[in-house]
Amino acid sequence: MEEKMKKIMLVFGTRPEAIKMCPLVNELKSRDSINTIVCVTGQHRQMLDQVLEIFNVVPEYDLGIMKEGQTLFDITIGILDKIRRVLESERPDVVLVHGDTSTTFVTALACYYLQIPVGHVEAGLRTYNIYSPYPEEFNREAVGIISKFNFAPTQLAAQHLLKEGKQADTIFVTGNTVIDAMQHTVKDNYVHPELNWVGDDKLIFITAHRRENLGDPMRQMFRAIRRVLDEHHDCKAIYPIHMNPLVRKAAEEELGGCDRIHIIEPLDVIDCHNFESRCYLCLTDSGGIQEECPSYGKPVLVMRDTTERPEGVEAGVLKLVGTKEENIYTTFKELLENPDEYKKMSQACNPYGDGHACERIADILEFGKCKEWYS
């Protein structure tokens, strides 16, 4: 008797999710025994569409929930209302969600209501403070309660899930799919006008957008960065700014007029990965960049008080610097002026994967097992 084809739906809605899920979409689509369906929520719009185009992923469903000035209430209600019809119509065997976004949490909740199994890609990341990062920590902890398949990127993430009572046979250490994505995006012959502007100077790559950092914390971050750049004329910074108007206002007021900083519009994934690969170091409050930059041997200063990626801190590729101006200033300055400190971070081992995470996840879903990998 011929085995029934598995129907697997992937749901995502933001640019970071798309970067990490599109390689998995394409891996699953290469499997003859899997019927792969893609549903995007459009939690981000333009930035999401850029990634879909780069990876040649065409969604079967687009909920299109994004609206100007949207709140967490708007996102939650919009997704929950629209995804129910998609799930009831398709009735997938498994729904895959990623990480910690509102799309991830609400989709998992809808699947729970309909008793559809959930697979959580990038499971087990924790700070154990549901307000840091906000709302991401709550989202991932909540999805962890619901998920049937837990694809942990590292052994530490798997240990978190075991301590929370998840059954060992539901946890699979796969590596992080972002490492898979990067193999298709970084080009030796890449050129960009902003890189021409940097020239032979040291490129400092900046991202800052987290909701909990809005207001004074973000302004302190920007002031520290500006002070260091004012003192180091062999450095230039590029900051692809987030769409959030509050972020833009703070950046303009604190960084505007500095001729060593270019604030530019958001980069697509190919540009972003190539900038990361060519930078000297990165200052960020992002999540994914904490995994990406170490793959290129680039030190990362994490402008947050907590991180759900402590493996990088332990390995020495990341350093938590908080959001206080003086601490960011001192640590940033040290990395620029102390070659031994820089070398120690840049040559540390990246703990986040080997580029085969998507293959492992697909094997688990198709065959029920995969080759082991240890960070």
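Remember, it's a predicted structure, so these values are computed and weren't measured experimentally.

Calculation notes
Residues numbered from 1 in each chain as written. Predicted model: local features only at pLDDT ≥ 70, side-chain atom pairs only at ≥ 80, totals over all residues. Heavy atoms only, no water. Helix = DSSP H or I, 4+ residues; strand = E, 2+ residues; numbered from the N terminus. Rg over C-alpha atoms; globule rule 2.2 N^0.38 Å. Buried < 20%, exposed > 50% of the residue type's maximum accessible area, 1.4 Å probe, protein only. Contact = heavy atoms within 4.5 Å. Areas by Shrake-Rupley, 256 points an atom, 1.4 Å probe, with all protein chains shown as cover. Lys, Arg positive; Asp, Glu negative; His and termini not counted. Charge placed at Lys NZ, Arg CZ, Asp CG, Glu CD. 1 Å grid on protein atoms, 1.4 Å probe; cavity = no way out; pocket = protein on both sides within 12 Å on 5 of 7 lines; lining within 4 Å. Points joined across faces, edges and corners; volume = space filled by probe spheres on them. Phe/Tyr/Trp six-rings, centres within 6.5 Å; stacked < 30°, edge-to-face > 60°. Lys NZ or Arg CZ within 6 Å of the ring centre and 35° of its normal. Salt bridge = Lys/Arg side-chain N within 4 Å of Asp/Glu carboxyl O. Pairing = 2+ DSSP bridges. Axes fitted to C-alpha atoms, helices over the stretch in contact; angles between N-to-C directions. Parallel < 35°, antiparallel > 145°, perpendicular 65-115°, else oblique. Arc of directions from axis to C-beta.

Give a detailed account of the overall build of the protein, specifying residues and quantitative values.
Of the regular secondary structure elements, the protein holds 16 helices and 13 strands. In terms of overall dimensions, the protein is globule-like: its C-alpha atoms have a radius of gyration of 20 Å, near the 21 Å expected for 375 residues. Overall size of the protein, expressed as C-alpha extent along the three principal axes, is 70 × 45 × 40 Å. Burial status across the protein gives 59% buried among its 375 residues. A separation threshold of at least 6 residues defines the contact pool for the protein, and within that pool the share at least 24 residues apart is 68%. Counting every atom, the protein has about 16,100 Å² of accessible surface; 51% of that belongs to carbon and sulfur. Within the protein, one finds 42 positive and 58 negative side-chain charges whose respective centroids are separated by 2 Å.

Explain empty space enclosed by the protein to me, using residue names and the numbers behind them.
Considering all chains together, one arrives at 1 cavity of 30 Å³ or more under this definition. Put simply, the largest cavity is a space of about 40 Å³. Forming the walls of the largest cavity are His-98, Val-121, Glu-122, Phe-151, Ala-152, Pro-153, Thr-174, Gly-175, Asn-176, Thr-177 and Ile-361.

Describe the packing of aromatic side chains, listing the residues and the values that go with them.
Scanning all chains against the criterion turns up 9 aromatic pairs. Note on Tyr-131 and Tyr-134: the rings are 5.9 Å apart at their centroids and 20 degrees apart in plane angle, and the pair reads as stacked. With relative accessibility at 58%, the residue Tyr-131 sits in the exposed group. When the ring of Tyr-280 is compared with that of Tyr-342, the centres are 4.0 Å apart and the planes differ by 10 degrees; the resulting orientation is stacked. Remark: Tyr-342 occurs in helix H15 (residues 339-346) and Tyr-280 occurs in the loop between helix H11 (269-278) and strand E11 (281-284); sequence separation between them is 62 residues. Judged by relative accessible area, which is 13%, Tyr-342 ranks as buried. One aromatic cluster is present, formed by Phe-149, Phe-151 and Phe-172 through successive ring pairs. Lying over the aromatic face of Tyr-280, Lys-202 brings its terminal NZ or CZ to 4.6 Å of the ring centre. Lying across the ring of Trp-197, Lys-236 places its NZ or CZ 5.0 Å from the centre.

Describe in detail the pattern of salt bridges, supporting the description with residues and values.
What the rule picks out here adds up to 36 salt bridges. Of the charged contacts, one joins Glu-231 and Lys-333 as a salt bridge, the two residues approaching to 3.2 Å between their closest N and O atoms. Here the residue Glu-231 occupies a position in helix H9 (residues 216-231), and Lys-333 occupies one in helix H14 (residues 325-337), the gap between them amounting to 102 residues. Since its relative accessible area comes to 40%, Glu-231 is described here as partly exposed. In this structure, Glu-341 engages Lys-344 in a salt bridge whose closest nitrogen and oxygen atoms are separated by 3.4 Å. Of the two residues, Glu-341 and Lys-344 both sit in helix H15, 3 residues apart, roughly one turn of that helix. One salt-bridge network, in which partners are shared between bridges, spans Lys-20, Asp-100, Glu-122, Glu-137, Arg-140, Glu-291, Arg-304, Glu-308 and Arg-309.

Hey, could you go over the sheet that holds strand E7 (residues 171-173) for me, with residue numbers and the actual values?
Consider a sheet: its strands pair through backbone hydrogen bonds, and that pairing is either parallel or antiparallel. Here 7 strands make up an open sheet; going across it, the order is E3-E2-E1-E4-E5-E6-E7 and the pairing parallel. Two strands close off the open sheet at either side, each with one partner strand: strand E3 (61-62) and E7. Pairing of strand E6 (residues 149-152) with E7, which is carried by 3 bridges, proceeds in the parallel orientation. From the neighbouring strand, Ala-152 faces E7, where its bridge partner is Val-173. Running over the sheet, helix H1 (residues 15-29) touches strand E1 (6-12), strand E2 (34-40), strand E4 (94-98) and strand E5 (118-121) and is turned about 165 degrees from E1. Here helix H4 (residues 102-114) sits on the sheet in contact with E1, E4 and E5, set at roughly 160 degrees to E4.

Before we move on, could you go through the packing of H14 against H15 and cite the residues and values that matter?
It is the contact of H14 with H15, at a shortest axis distance of 5 Å, that shows an interaxial angle of 95 degrees. Relative to H15, H14 is oriented roughly perpendicular. Here Glu-334, Leu-335 and Glu-337 of H14 lie close against H15, whose contacting residues are Pro-339, Glu-341, Tyr-342 and Met-345.

Could you give an account of helix H6 (residues 155-163), with specific residues and numbers?
Because each turn of an α-helix spans 3.6 residues, side chains separated by three or four positions in sequence point in the same direction. Of the residues making up H6, those classed as buried are Ala-157, Ala-158, His-160 and Leu-161. When H6 is viewed along its axis, its buried side chains cluster within an angular range of 155 degrees and face the same direction. Each element contacted by the buried residues of H6 is listed here: E6, E7 and helix H13 (310-315). At the C-terminal side of H6, Gly-165 shows a positive phi close to 100 degrees.

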